[in-house]
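Observations on chain architecture
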Amino acid sequence: MTSAPGQPSDAPLFAAIDHVGVAVPDLDAAIAFYRDTYGMTLAHEEVNEEQGVREAMMAVGDSGSHVQLLAPLSRESTIAKFLDRSGPGVQQVAYRVEDIEAVSATLRGRGLRLLYDEPKRGTSDSRVNFIHPKDAGGILVELVQPAPAAH
């Protein structure tokens, strides 16, 4: 196994499950369902033009994990295509990482393809990249490095 400099090959790459992404056709209806049925609270909502989504992070108790609800901004967005192909449901699993460049280098060294050469902006100014589903057992895996906490 190959690892990035400063990343021992047996060190855990992921700090936690950050969120599970769920594709939904109607964000407002999904927020209401997760709030009213599961008792989750809306932790964050934003529009991410680059990713083509309107999204909401629903807090899973006080665990720090979330369910990310993703609704398409247009028919051309990745989420719209996912909904057309698969219908509403789990679209991705996201793992929180401390150093996205080191983890990306380690995974590339282990033969995995990442979708982006460099991390992109994710929810709340996090930095994200994705492991190609064909290299991850058919699952779209997101790597998330949260934005530094504001002081």
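What counts, and at which threshold
Residues numbered from 1 in each chain as written. Predicted model: local features only at pLDDT ≥ 70, side-chain atom pairs only at ≥ 80, totals over all residues. Heavy atoms only, no water. Helix = DSSP H or I, 4+ residues; strand = E, 2+ residues; numbered from the N terminus. Rg over C-alpha atoms; globule rule 2.2 N^0.38 Å. Contact = heavy atoms within 4.5 Å. Areas by Shrake-Rupley, 256 points an atom, 1.4 Å probe, with all protein chains shown as cover. Lys, Arg positive; Asp, Glu negative; His and termini not counted. Charge placed at Lys NZ, Arg CZ, Asp CG, Glu CD. Buried < 20%, exposed > 50% of the residue type's maximum accessible area, 1.4 Å probe, protein only. Pairing = 2+ DSSP bridges. Salt bridge = Lys/Arg side-chain N within 4 Å of Asp/Glu carboxyl O. Phe/Tyr/Trp six-rings, centres within 6.5 Å; stacked < 30°, edge-to-face > 60°. Lys NZ or Arg CZ within 6 Å of the ring centre and 35° of its normal. Core = buried A, V, L, I, M, F, W, Y, C linked by side-chain atoms within 4.5 Å.

Now for the overall build of the chain. Check the secondary structure of the chain and you find three helices and eight strands. Reading the secondary structure of the chain in the N-to-C direction produces β-α-β-β-β-α-β-α-β-β-β. For 151 residues, the compact-globule estimate of 2.2 N^0.38 gives 15 Å, and the chain sits close to it at 16 Å. Projected onto the principal axes, the alpha-carbon positions of the chain cover approximately 45 × 35 × 25 Å. A sequence separation of at least 24 residues applies to 54% of the contacts in the chain between residues at least 6 apart. Carbon and sulfur atoms make up 54% of the accessible area of the chain, which amounts to about 8,200 Å² in all. Of the side-chain charges in the chain, 13 are positive and 21 negative, and the distance between the mean point of each set is 6 Å.

Further remarks concern the pairing of strand β7 (residues 127-131). With four of its five residues buried, β7 lies for the most part within the structure. Relative to β7, strand β6 (residues 120-121) runs antiparallel, the two being bridged by two bridges. Note that in β7 the partner of K120 across the bridge is V128. Between β6 and β7, which pair antiparallel and follow one another directly, the connecting turn spans five residues, one of which, S124, has a positive phi of 55 degrees. Relative to strand β8 (residues 141-145), β7 runs antiparallel, the two sharing five bridges. Paired with N129 across the bridge in β8 is L143.

Once that is clear, we can look at the pattern of salt bridges. Counting across every chain of the model gives ten salt bridges. Between R96 and D18 there is a salt bridge, with the nearest N and O atoms lying 2.8 Å from each other. Of this pair, R96 sits in strand β5 (residues 89-96) while D18 sits in strand β1 (residues 16-23), placing them 78 residues apart in sequence. For D18, a relative accessible area of 8% corresponds to the buried category. Across the pair D135 and R113 runs a salt bridge, and its minimum N-O distance is 2.9 Å. Of this pair, D135 sits in the loop between β7 and β8 while R113 sits in the loop between α3 (100-109) and β6, placing them 22 residues apart in sequence.

Within the fold, S126 resides in the loop between β6 and β7. Ignoring sequence-local partners within four residues, the contact set of S126 consists of K120, R121, V144, Q145, P146 and A147.

This part takes up the packing of aromatic side chains. If you walk through the whole model with that rule in mind, you get five aromatic pairs. Taken together, a centroid distance of 5.7 Å and an interplanar angle of 80 degrees make the contact between F33 and Y34 edge-to-face. On the basis of relative accessible area, F33 is assigned to the partly exposed category, the value being 39%. Each residue in the set F33, Y34 and Y38 is aromatic and connected to the rest through ring pairs, giving one cluster. Residue placement shows K120 over the ring face of Y116; its charged tip is 4.7 Å from the ring centre.

Further remarks concern the nonpolar core. Note that soluble globular proteins tend to have their nonpolar side chains buried in a common cluster. If you look at the biggest cluster of nonpolar residues, it comprises twelve residues: V22, V24, L27, A30, I31, Y34, M40, A56, M58, V67, L69 and A71. Breaking this core down by element, the ones donating at least two residues are α1 (27-38), β3 (53-59) and β4 (66-72). In contact with V67, other than residues within four places in its own chain, are V20, V22, Y34, M40, A56, M57, M58 and V60. Core analysis: the second largest hydrophobic core is formed by nine residues, V103, I131, V141 and L143 among them.

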